[in-house]
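Fold and contact review
Take a look at the letters that make up each chain.
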Amino acid sequence: MYEWILPSLKEILAESQSPLTECSSAKAEWQWRISLAATEHLLINSLVSAAPDTTQGLVLAAPAPLFSQPSLTQSLQSVTFTAKPFNPLALMPFEMPIPLETVEDAASHESVLRLLPADPLGTEQFCLVFTDKFRLVLVLAEQKNGQKTFLFSFEPEVVQQAWLAVGARVMLTNPDFYGDLDALVQKYAVVPPDYRTVMQFSQFLLQEFAEPEQYKENIPTPAPTPSVASASSRPDVELLQAFAHEVRTPLTTIRTMTRLLLKRRDLPANVISRLEVIDHECTEQIDRMELLFKAAELETSNSVKSTHTQLTPMSLDQVLQQSIPRWEQAATRRNLTLDVVLPQQLPTVVSNPTMLDRVLTNLIENFTRSLPAGSHIQVQVIPAGDQLKLQLSPQFQCKDTSKAPTPTTPPIRKALGQLLMFQPETGTISLNIAATKHLFQAIGGKLIVRQRPHYGEVMTIFLPLEVSAKQW
């Protein structure tokens, strides 16, 4: 069989690098995750602003798409390789005239290609990135002893060999598609990356992702007493981290296939409507899983300072324009009304653009679940010295002004481990207040929760202003 003589990406990178110190599978998986996060940061910082339809790079990944940020999905051509192709018909209870073997043309931003069943590449997780500024390959694979290993390289020759190995598979299984894909790869020159690019990648690894305590090896430490046990020793935190990662992967695959189907022009309106619902639900849950993963990561790293180094001046107005429609949808689903009061001009704040929208949306979502139907929510944004204050407060409708206000009853919340809480009335599970405060702290902000007898919970978020905006 041809696939047996083709090298895997692990073999290509192993031949080009010095032997690495053996580490556990858990640590290799951790290295893979933080390197993908660093790659995402690098891409966001290096890609120039352009029209949404302008392709500025190519990403080849397996076994599922790796980047979900809109700024990246709109700018990058994405091709996913899988040994177990997803069946799009499983999503719909009705018949659809879609051949399962069809490969989307190279003009679309997302494509899915099949690997042969016996191909060893089908057991590897990998990412190849091609842009005008750099080429990069990352691989997480299993060794003969069963332990996993992580390897990566910016070397143009190594990345080119990795592409030749992947391209050979495409030529075998999808020869018509190979020419288009090879042309895309050749658009990006085989030149060494600028040293500043590699330095920036290293800074993302060192600054934002402090090594979790459970992966530090050969360092004898006394066993902590139950009262001072670190978060990294809590199995529920590690379980949540693994759970969030495992759920996100199939959801991302479903969303990718859904978006591929939505690009077809021969679908009836009712099919498009159902696919759009699937896409929306997948995106909502993917963002939720990524937030859970980040919360668990903060607990295991025991470090918030490293995240603060990635805070940048950003337009809050742009974030709110994208977020408010989703907040209104969350309120409408629970028969609530939402009123957002904004000043005529919003200043520039200092935060993490990627995380701020997710953390705010998660907070609004949880806030709406704690209120009875018919309630009204006011979101008010006002200046507060050198900070910007964003306040969420409930206002219950149909009150009789002739009677004294009736004290509100806080929702029942039961703790689930260190990070989660369960709300029996709604049957929902979400991050607890402590974990949510930790997330806000990680993105430069501060969350204060107060229980007011006649108004219910009032949540106030403070975000630091950019120095030049403090006179606003």
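Below is a summary of the structure that appears in this document. (Residues numbered from 1 in each chain as written. Predicted model: local features only at pLDDT ≥ 70, side-chain atom pairs only at ≥ 80, totals over all residues. Heavy atoms only, no water.)

**As for the packing of aromatic side chains**
For the structure shown, the criterion picks out eight aromatic pairs. Ring geometry for Phe152 versus Phe154: centroids 6.4 Å apart, planes at 90°, classification edge-to-face. Taken together through their ring pairs, the aromatic side chains of Trp32, Phe134, Phe150, Phe152, Phe154 and Phe201 make up a single cluster. (Phe/Tyr/Trp six-rings, centres within 6.5 Å; stacked < 30°, edge-to-face > 60°.)

**Here's the deal with a positive patch on the surface**
Residues Lys437, Lys446, Arg450 and Arg452 make up a contiguous surface patch of positive charge. Sorting elements by how many residues they give to the positive patch places strand β15 (residues 446-452) first, with three residues. Along the polypeptide, Arg452 turns up in strand β15. Relative accessible area serves as the criterion here: at 37%, Arg452 is assigned to the partly exposed category. (Patch = residues over 30% accessible without salt bridge, like charges linked within 9 Å, V, L, I, M, F, W, Y side chains within 5 Å. Areas by Shrake-Rupley, 256 points an atom, 1.4 Å probe, with all protein chains shown as cover. Salt bridge = Lys/Arg side-chain N within 4 Å of Asp/Glu carboxyl O. Lys, Arg positive; Asp, Glu negative; His and termini not counted. Charge placed at Lys NZ, Arg CZ, Asp CG, Glu CD. Helix = DSSP H or I, 4+ residues; strand = E, 2+ residues; numbered from the N terminus. Buried < 20%, exposed > 50% of the residue type's maximum accessible area, 1.4 Å probe, protein only.)

**Remarks on the pairing of strand β5 (residues 135-142)**
Among the eight residues that make up β5, seven are buried, leaving the element largely enclosed by the rest of the structure. With six bridges connecting them, strand β4 (residues 125-131) and β5 associate as antiparallel partners. Residue pairing for β5: Cys127 is matched across the bridge by Leu138. Taken together, β4 and the strand that follows it, β5, pair antiparallel across an intervening segment of three residues. (Pairing = 2+ DSSP bridges.)

**Overview of the environment of Arg135**
For Arg135, the location among the structural elements is in strand β5. In this structure, the C-alpha to C-alpha distance between Arg135 and Gln160, residues 25 residues apart in sequence, is 8.8 Å. Setting aside residues up to four positions removed in sequence, Arg135 forms contacts with Val129, Phe130, Ser153, Phe154, Val159, Gln160, Val185, Tyr188, Ala189 and Val190. Here Gln160 takes part through its side chain, which lies 2.8 Å from a polar atom of the side chain of Arg135. (Contact = heavy atoms within 4.5 Å. Polar contact = N/O pair within 3.5 Å; in protein donor to acceptor, adjacent residues only side chain to side chain.)

**Some words on helix α11 (residues 316-333)**
Across its 18 residues, α11 extends 25 Å between first and last C-alpha, which sits within 8% of the 26 Å expected from 1.5 Å per residue. By the burial criterion, the buried members of α11 are Leu316, Val319, Leu320, Ser323, Ile324, Trp327, Ala330 and Ala331. Once α11 finishes, Asn335 follows within two positions and takes phi at roughly 60°, a positive value. (Expected span 1.5 Å × (residues − 1).)

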